[in-house]
Amino acid sequence: MVDEHDRLLPIANVGRIMKQILPPTAKISKEAKQTMQECATEFISFVTGEASDKCHKENRKTVNGDDICWSLSSLGFDNYTEAIVRYLHKYREAERERANHNKATATATQDKDEDDSDYKSTQHKLQTETPTPLEFMVLEKACALEFRKNILSKVIASTSPCDFEF
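Residues numbered from 1 in each chain as written. Predicted model: local features only at pLDDT ≥ 70, side-chain atom pairs only at ≥ 80, totals over all residues. Heavy atoms only, no water.

- An unreviewed UniProt entry lists the protein under the name Transcription factor CBF/NF-Y/archaeal histone domain-containing protein, from Hevea brasiliensis.
- UniProt lists a comment for the protein under the heading Subcellular location (unreviewed entry), and it reads "Nucleus". (UniProt positions renumbered as here; feature names shortened; annotations may be inferred.)

Printed below as a string of structure tokens:
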């Protein structure tokens, strides 16, 4: 059986996101962070579970970004679906450009002398093994802030007034 803490999002990350939306002098109780952690984890599980069910019905083993977008839409999160679809499109576009750049770099490198073949293979390996960081700034800030505010307002409404100090 999986320990409950292993399935939850890291509380430090949740706290960091909460602090971004609150005034700089605000303090957040541990209980409030834990509540938000549970809510965010449940939301992610809810959306990915729906996408996973769709994939299972279609006899597929891999959930992709389009499945997540479909899941958000089918669960009634249409406001977020539009932003996620735009983000997914921009992310895929950036990945294609990166792949084309790597291909062009590899082709140009092959045209050079054989003397530096060790250097070329090392450089190519570094280029292909380095993961592309996920850049969330592509997602429209207004939508992301609205989402955070909605979640945060629900947590604040469900906690006692003494959980937050300003």
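1. Thoughts on the pattern of salt bridges
Moving on, step 1. The tally for this structure, following the rule as stated, stands at six salt bridges.
Moving on, step 2. The shortest N-O distance in the salt bridge between Lys-54 and Asp-67 comes to 3.2 Å. Here Asp-67 lies in helix α4 (residues 65-74) and Lys-54 lies in helix α3 (residues 30-57), a separation of 13 residues in the sequence.
Moving on, step 3. The exposure class of Lys-54 is buried, given its relative accessible area of 19%.
Moving on, step 4. A relative accessible area of 2% places Asp-67 in the buried class.
Moving on, step 5. Across the pair Arg-60 and Asp-67 runs a salt bridge, and its minimum N-O distance is 2.7 Å.
Moving on, step 6. Taken together, the shared-partner salt bridges in this structure form one network comprising Lys-54, Glu-58, Arg-60 and Asp-67. (Salt bridge = Lys/Arg side-chain N within 4 Å of Asp/Glu carboxyl O. Helix = DSSP H or I, 4+ residues; strand = E, 2+ residues; numbered from the N terminus. Buried < 20%, exposed > 50% of the residue type's maximum accessible area, 1.4 Å probe, protein only.)

2. Quick word on α3
Moving on, step 1. End to end, α3 covers 40 Å across 28 residues, agreeing with the expected 40 Å (1.5 Å per residue, within 8%).
Moving on, step 2. Three or more residues of α3 are buried, namely Ala-32, Met-36, Gln-37, Thr-41, Val-47, Ala-51, Lys-54 and Cys-55.
Moving on, step 3. Positive backbone phi, at 55 degrees, marks Asn-59, one or two positions downstream of α3. (Expected span 1.5 Å × (residues − 1).)

3. A word on the side chain of Thr-41
Moving on, step 1. Mapped onto the elements, Thr-41 comes out in helix α3.
Moving on, step 2. A relative accessible area of 4% places Thr-41 in the buried class.
Moving on, step 3. Sequence-distant contacts of Thr-41, defined by excluding residues within four places in its chain, comprise Arg-7, Leu-8 and Leu-9. (Contact = heavy atoms within 4.5 Å.)

4. Quick look at the packing of aromatic side chains
Moving on, step 1. Tallied over the entire structure, the rule returns three aromatic pairs.
Moving on, step 2. With 5.0 Å between their ring centres and 90 degrees between their planes, Phe-43 and Phe-77 make a pair best called edge-to-face. Note that Phe-43 is positioned in helix α3 and Phe-77 in the loop between α4 and α5 (78-110), a separation of 34 residues in sequence.
Moving on, step 3. The class of Phe-77 is partly exposed, set by a relative accessible area of 22%. (Phe/Tyr/Trp six-rings, centres within 6.5 Å; stacked < 30°, edge-to-face > 60°.)

5. Quick look at the confidence of the model for the protein
Moving on, step 1. Averaged over the protein, the pLDDT score is 76; the fraction of residues at 70 or greater is 62%.
Moving on, step 2. When pLDDT is averaged over each helix and strand of the protein, the minimum, 47, is found for strand β2 (residues 164-165) and the maximum, 94, for α3. (pLDDT = per-residue confidence, 0-100.)

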